[in-house]
There are 2 protein chains.
Amino acid sequence: MSLITDRASLDFLLFDVLSMQALQQSERFSAFDRDTATAILDTAQKIAEDVYLPCAAEVDAQEPEFVDGKAITHPKVGPALKEYCEAGFLAAGFDESFGGMGAPSMLKTAIDGMFSCANTSIQSYAMLTQGAANLINTFGTEQQKSLFLPPMLEGRWLGTMCLSEPQAGSSLADIRTRAEPIGDGRYKITGTKMWISGGEQDISENIVNMVLAKVPGGPPGVKGISLFITPKMRVHDDGSLGDPNNITLAGLNHKLGNRATTNTLLNFGEKGDCIGWLVGQEHHGLAYMFQMMNEARIAVGHGASMLGLAGYLYSLQYAKERPQGRRPSEKDPDSPQIPLIEHADVRRLLLAQKAFTEGAMALIFYCAQLVDEIAIAPSKEEAQRVELLLDLLTPMAKSWPSEYCLEANKHAIQILGGYGYTRDYPVERFYRDNRLNPIHEGAHAIHGIDLLGRKVRVAGGAAFQTFIELVSETLDEAQSHTELAAECAQLSALRDTLIDTTQTLADPGQGERELANATLYLDAFGHITVGWLWLRQGLAALKRQTGGEETPFLSGKLQTMRYFYRYELVKVPPMLGLCKATDDTCLAMTAQQYL
Amino acid sequence: MSLITDRASLDFLLFDVLSMQALQQSERFSAFDRDTATAILDTAQKIAEDVYLPCAAEVDAQEPEFVDGKAITHPKVGPALKEYCEAGFLAAGFDESFGGMGAPSMLKTAIDGMFSCANTSIQSYAMLTQGAANLINTFGTEQQKSLFLPPMLEGRWLGTMCLSEPQAGSSLADIRTRAEPIGDGRYKITGTKMWISGGEQDISENIVNMVLAKVPGGPPGVKGISLFITPKMRVHDDGSLGDPNNITLAGLNHKLGNRATTNTLLNFGEKGDCIGWLVGQEHHGLAYMFQMMNEARIAVGHGASMLGLAGYLYSLQYAKERPQGRRPSEKDPDSPQIPLIEHADVRRLLLAQKAFTEGAMALIFYCAQLVDEIAIAPSKEEAQRVELLLDLLTPMAKSWPSEYCLEANKHAIQILGGYGYTRDYPVERFYRDNRLNPIHEGAHAIHGIDLLGRKVRVAGGAAFQTFIELVSETLDEAQSHTELAAECAQLSALRDTLIDTTQTLADPGQGERELANATLYLDAFGHITVGWLWLRQGLAALKRQTGGEETPFLSGKLQTMRYFYRYELVKVPPMLGLCKATDDTCLAMTAQQYL
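How each quantity is defined
- Residues numbered from 1 in each chain as written.
- Chains lettered and ligands numbered in written order.
- Predicted model: local features only at pLDDT ≥ 70, side-chain atom pairs only at ≥ 80, totals over all residues.
- Heavy atoms only, no water.
- Buried < 20%, exposed > 50% of the residue type's maximum accessible area, 1.4 Å probe, protein only.
- Helix = DSSP H or I, 4+ residues; strand = E, 2+ residues; numbered from the N terminus.
- Pairing = 2+ DSSP bridges.
- 1 Å grid on protein atoms, 1.4 Å probe; cavity = no way out; pocket = protein on both sides within 12 Å on 5 of 7 lines; lining within 4 Å.
- Points joined across faces, edges and corners; volume = space filled by probe spheres on them.
- Patch = residues over 30% accessible without salt bridge, like charges linked within 9 Å, V, L, I, M, F, W, Y side chains within 5 Å.
- Areas by Shrake-Rupley, 256 points an atom, 1.4 Å probe, with all protein chains shown as cover.
- Salt bridge = Lys/Arg side-chain N within 4 Å of Asp/Glu carboxyl O.
- Lys, Arg positive; Asp, Glu negative; His and termini not counted.
- Charge placed at Lys NZ, Arg CZ, Asp CG, Glu CD.
- Nonpolar A, V, L, I, M, F, W, Y, C, P; charged D, E, K, R; others polar.
- Contact = heavy atoms within 4.5 Å.
- Buried area = accessible area lost by both parts, 1.4 Å probe.
- Polar contact = N/O pair within 3.5 Å; in protein donor to acceptor, adjacent residues only side chain to side chain.
- Expected span 1.5 Å × (residues − 1).
- Bend = angle between axes of the 7 residues up to and from the residue.
- Axes fitted to C-alpha atoms, helices over the stretch in contact; angles between N-to-C directions.
- Parallel < 35°, antiparallel > 145°, perpendicular 65-115°, else oblique.
- pLDDT = per-residue confidence, 0-100.
- Phe/Tyr/Trp six-rings, centres within 6.5 Å; stacked < 30°, edge-to-face > 60°.
- Least-squares fit on C-alpha atoms with pLDDT ≥ 70 in both.
- Left-handed = near helix turned anticlockwise from the far one by under 90°.

(A) Here's a closer look at the pairing of strand S3 (residues 157-162) of chain A. All names here are of chain A. With six of its six residues buried, S3 lies for the most part within the structure. Alternating residues of S3 divide into Trp157, Gly159 and Met161 and Leu158, Thr160 and Cys162, and every residue in both groups is buried. Taken together, the six bridges between S3 and strand S6 (residues 206-214) define a ladder with parallel strand orientation. Residue Leu158 lies in a different strand from S6, and its bridge partner there is Ile207.

(B) Focus on empty space enclosed by the protein. All names here are of chain B. Going through the model one piece at a time under the given rule, you end up with eleven cavities of 30 Å³ or more. Each pocket or cavity is described by its volume, and for the largest cavity that value is around 60 Å³. Contributing to the lining of the largest cavity are Ile4, Thr5, Asp6, Leu10, Ala110, Gly113, Met114, Met306, Leu309, Met361 and Phe365. Secondary structure elements with two or more residues in the lining of the largest cavity: helix H5 (105-118), helix H8 (285-321) and helix H9 (344-375).

(C) Region of the structure containing a negative patch on the surface. The grouping of Glu469, Glu473, Asp476 and Glu477 of chain B at the surface amounts to a negative patch. Here Glu477 of chain B lies in helix H13 (residues 458-478).

(D) Examining the layout of surface pockets more closely. For the second largest pocket, the calculated volume is near 760 Å³. Taken together, 33 residues make up the lining of the second largest pocket; nearest its centre are Asp60, Arg259, Arg423 and Arg432 of chain A together with Arg259 of chain B. Of all elements in the fold, only helix H3 (56-61), helix H8 (285-321) and helix H11 (427-434) of chain A together with helix H3 (56-61) and helix H11 (427-434) of chain B reach the threshold of two or more residues within the lining of the second largest pocket. For the lining of the second largest pocket, the per-class residue count stands at 16 nonpolar, one polar and 16 charged.

(E) Structural context of the interface of chain B and chain A. Between chain B and chain A, the contact holds 97 residues from the first and 97 residues from the second. Between chain B and chain A, a total of about 8500 Å² is buried, with carbon and sulfur atoms accounting for 58% of that surface. Contact with chain A buries area across many residues of chain B, yet Tyr421, Tyr594 and Leu595 of chain B alone supply 11% of it, more than any other trio. Counting across the chain B and chain A interface gives eight salt bridges. Between Glu403 of chain B and Lys410 of chain A there is a salt bridge, and its shortest N-O distance comes to 3.0 Å. Here chain B is connected to chain A by 61 residue pairs in polar contact (both at pLDDT 80 or more). No other element matches the nine residues that helix H17 (residues 552-568) of chain B contributes to the side of chain B that touches chain A. For the side of chain B that touches chain A, the per-class residue count stands at 43 nonpolar, 27 polar and 27 charged.

(F) Summary view of helix H13 (residues 458-478) of chain A. All names here are of chain A. Between its terminal C-alpha atoms H13 stretches 30 Å, which fits the 30 Å expected from 21 residues at 1.5 Å a residue. The largest bend in H13 is about 25°, located at Gln465. All buried positions along H13 are accounted for by Gly461, Ala463, Phe464, Thr466, Phe467, Ile468, Leu470, Val471, Ser472, Thr474, Leu475 and Ala478.

(G) Layout of the packing of helix H2 (residues 34-52) of chain A against helix H4 (residues 77-86) of chain A. Residue and element names in this part refer to chain A. At a minimum axis distance of 10 Å, the contact between H2 and H4 shows a crossing angle of 170°. Regarding the angle of H2 to H4, the classification is roughly antiparallel. Seen from H2, the contacting residues are Ile47, Val51 and Tyr52; seen from H4, they are Ala80, Leu81, Glu83 and Tyr84. A class-by-class count of the residues in the contact of H2 with H4 yields six nonpolar, no polar and one charged.

(H) Looking closely at the environment of Asp584 of chain A. Residue position: Asp584 of chain A is located in the loop between helix H18 (572-580) and helix H19 (591-594). Every residue in contact with Asp584 of chain A, bar those within four places of it in the chain, is listed here: Arg513 of chain A together with Gln559 of chain B.

(I) How the structure looks around the confidence of the model for chain A. With 100% of its residues at a pLDDT of 70 or more, chain A has an overall mean of 96. In the model output, the complex is listed with pTM 0.98 alongside ipTM 0.97.

(J) How the structure looks around the packing of aromatic side chains. Counting across every chain of the model gives 49 aromatic pairs over all chains. Arranged with centres 4.7 Å apart and planes meeting at 80°, the rings of Tyr419 of chain A and Trp195 of chain B form a pair that is edge-to-face. Here Tyr419 of chain A, found in the loop between helix H10 (380-416) and H11, pairs with Trp195 of chain B, found in strand S5 (residues 186-197), and the two come from separate chains. Both rings, one in Trp400 of chain B and one in Phe564 of chain B, keep their centres 6.1 Å apart while their planes meet at 65°; by these two values the pair is edge-to-face. Here Phe564 of chain B lies in helix H17 and Trp400 of chain B lies in helix H10 (residues 380-416), a separation of 164 residues in the sequence.

(K) Seen up close, the relation of the copies chain B and chain A. Take chain B, turn it by 180°, move it 0.0 Å along the axis, and it overlays chain A with an RMSD of 0.0 Å. What we have between these two chains is a two-fold relation. No C-alpha of chain B lies nearer the rotation axis than that of Lys571 of chain B, which sits 3.3 Å from it. In this assembly the copies share their binding face: 100% of the residues contributing to the interface of chain B also contribute to that of chain A.

(L) View of the pairing of strand S12 (residues 275-279) of chain B. Residues and elements named next belong to chain B. Where burial is concerned, most of S12 is hidden: five out of the five residues are buried. Every second residue of S12 is oriented toward a common face, with Ile275, Trp277 and Val279 on one face and Gly276 and Leu278 on the other, all of them buried. In terms of strand pairing, S5 meets S12 through three bridges, oriented antiparallel. What sits directly across from Lys188, in S12, is Ile275.

(M) Representation of the pattern of salt bridges in the model. By the definition in use, this model includes 72 salt bridges over all chains. As a salt-bridge pair, Arg347 of chain A and Glu342 of chain A come within 3.1 Å of each other at their nearest N and O atoms. On the accessibility criterion, Arg347 of chain A (7% relative accessible area) is buried. Arg7 of chain B is the partner of Asp42 of chain B in a salt bridge, and the nearest nitrogen-oxygen pair spans 3.0 Å. Here the residue Asp42 of chain B occupies a position in helix H2 (residues 34-52), and Arg7 of chain B occupies one in helix H1 (residues 7-17), the gap between them amounting to 35 residues. Salt bridges sharing common partners tie together Arg327, Glu342 and Arg347 of chain A together with Glu512 of chain B.

(N) A look at the packing of H8 of chain B against H9 of chain B. Residue and element names in this part refer to chain B. Put simply, H8 and H9 touch, their axes get as near as 9 Å, and they point 150° apart. Looking at the two axes, H8 sits roughly antiparallel to H9. Note that H8 runs across H9; the crossing there is left-handed. For the pair formed by H8 and H9, the contact residues are Ile298, Gly301, His302, Ser305, Met306, Gly308, Leu309, Gly311, Tyr312, Ser315, Leu316 and Ala319 on the first element and Val346, Leu350, Gln353, Lys354, Thr357, Glu358, Ala360, Met361, Ile364, Phe365 and Cys367 on the second. Its residues assigned to classes, the contact of H8 with H9 comprises 13 nonpolar, eight polar and two charged.

(O) Main features of the side chain of Lys193 of chain A. Residue and element names in this part refer to chain A. Here Lys193 shows up in strand S5 (residues 186-197). A distance of 3.0 Å separates polar atoms of two side chains, one belonging to Lys193 and the other to Glu165. Within polar-contact distance, the side chain of Lys193 engages the backbone oxygen of Leu212 at 2.8 Å. Setting aside its immediate chain neighbours within four residues, Lys193 contacts Cys162, Leu163, Ser164, Glu165, Ile175, Thr177, Val211, Leu212, Thr264, Leu265, Leu266 and Phe268.

Structure (structure tokens):
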């Protein structure tokens, strides 16, 4: 079995549950029939397994070093990434005019997922570069596009996003990096950026930093933030590299996981002029950056789900092979030991991993489908409707996999027992790597406030309404199947509770108490969303069963759906109960009362 | 503030909630009045802070090395442990005849907790030595006691427990290590032991391994297991050291955490005779070892709670000092940032840590109190009654802190954000260290089967009945306080549900389905137990308030109790519901259905 992908489940998700084949009807994606997609995925799987996977433990064990102001990466990082880029995967989602494949987001997500599952911290460089390139592609001038996109999409120049500063992690209003205009759309950048992944490395010819900074005289807070392309090496008008742009590596962060990705503290303009190109208009930088952030947020959720999958596959294989113990009813100690997977609690730990991981993947691929729908929307109105829905789901797409696939990784260690706690097996690495995901691209709680304080309310609650309608449609379809009666009843009640809770909390006079349990609301909403998508997976499985296919694969999908409803969705009512009651137990606890 | 103890909370637990001062009435513990205990704790705190804490990051970063068949530890491990031993703490719980203090278990637990909180992986050596010494003290011959106990209690010889083998982790019935009698109560030991903490190191003059092995011709399975004292260096009759005893270090395990403690693969008798002394009778070894295992299980839960405390204290200090962001209602970006602790979700993350950590400590110290009650019981019957209760609670004492204080450590990282993910701050280390605790001394699920399959049923369910009576007594007392009405109603209902569920599941015809959700039962029972102890903490706080003390400390205890009831105990009914329904969703999932 592959340790980086479950192709049957991936196909099931892409073609049975989400109907990627429908995209083929559009002119834009007409080239991507199922056979083409399958061939591309075969190639991706092969490179991911042959190149990314074998060095995953090594690049983790030997983290980047800070030598003479440079970041020295493990010698296998650059070559592995190069193979990915040369196969065209970094550019897969971009137009052919830039050397891309023009692939739908769903396919691109499936491709990148294999690489992420195989070696998440090498793949981070690709993800950041794609995000930076997308940003330039959407908001940059023609000159900026022609200068930066081709080398970025070939992987010769890699990208970063530079938001945080030492004193401003989650609070972007407080950034201090300055940008002084020098004419020609260029600015002198001065300041310090913290937590910059890939901010310095020795694997690309140039680094294209997308930097948030404040132009003097602008409005305070986030309304005074502008966005700049600030490359490590200056770039001449003909695209050739010039002098170093005075970005100094002040230090590398030594992390719990994700170690192949350098994480840097950078000083801009400390030792000479550091030149940045303004993107779009002054003071609109945060709005632009939100495109990259939203994309990155979904990518973080995707990465988390791929780590969940990596742990699931590894621990499943182990549980099938490792003999240990006997059934509780077996009293003969001379009887042979049974494989771990025969024990009820190991089955539970595996089922939880499967439910979390495949649930998270459904959420991520559904978001990718929305991205594709926006790209081929027949009207601006329809595009906006889908965009709003995607905006609503983005907090969940980022945070739900980060929370629950980390939990899945905890279970993977548990199945391996003492072995799982050693560095001879990869599961402890997945757990370390995944612990990052609830932190970066907005700490977990930020997304609760974003969801409850903003997203459910925008456009008069239109996106929330769309979501409820989608859930109701699925329920209408599922209600004709007696096998799904219990799940329909449960989801229907949860939908009503969610509506009720949201209406209570989302009134215009929303205060601190209404937002005090926003994280619980986020987790509960995520559970309901994943529960809805599990019902859709159940429906798709039943459909194939009705077609005469009676396989353990399909009955396993249905059983996993049942597990998610019986063991996970039952947790939601108390969570929403606290939200609706605007319980202030936490909010009312003063600093002095803790100790 | 101290980063290794919260003395006010510790005093509250020892003297207000659990009345350690009552022990002073007994002849055995009459020397331990409150002032004496306080003075001892002051000394322990000072050594733990001055010696254990400062090297915790170092000894983690530089793990033991395998050089020429030896395990080389970090140079600060031995000296730190030596200071702990020389202050008399290793021997604190032992009789004065062996050079101990004769301290009650509650006080010993409080002492060791500080060292464990400061540096868990150095303290592991002490914990294992205490367990091995206790085993010899209880079941050894006078000769074995006089040979081994004095050097062990001085810390010159350290102890280990050798149970697992490469092919038999959780399944002791399958161990293959053999012991051939050579007369004189001595045996030749041959075999391989895996996961042996402290099995080889360079910090003590000798290592006293308590080894489980099978004497040829004995019954199969666990009934054929015997226990042997098998030292690294042979010991002459006068106590002096002889030749090496042919125990070979085959390898060191490289772990996620707990790195100062060596973890070894040992070969016994591979290169010559390895001599072990039989402890007690042949074939009764597992029963003896259970004393050490039960002690070690409570110690594991204690260690987990101390890591929870370490993360709580560190992240609390950070949250009070670190400015970041503004209240949701604050629209002026030029207003100063507020400390993290002012944010509702940070308060939740801290409150969860406090509720888990102080709840776990209450459970552990309650167990310690039971150990003391057994020691001074007025009659054999009373001692047996308390022993049964302690046996019932041991699965929870081991597993509940391991599960929920790990969750607490996850929250501590979250509060520090990106900083928490770096190795410049200790919280990622606590998280790594604590991940061991659900694995060793019986993997999490083992304790569910132990609890539901055995402990609630022994002696006709007498221990379970005792537990229910204790909860009911507390409820009777609490019901007179209107402030506790909601908690009383909730706990009372949970008690009834627990009785009902247990009666349904614990009938004599218990089969695989009844045990299939034993882990959920374990977690739920643990929550109810900790909920009961939180109510007792609430009562103790109210009592001091009634005495005129109106402090944030006391109101904080009450608020934490409320948090635990409102945010945690609400999770119990669905868990017990699945247990009672003998839900077989997991059990019925076959290996083929997973993939």
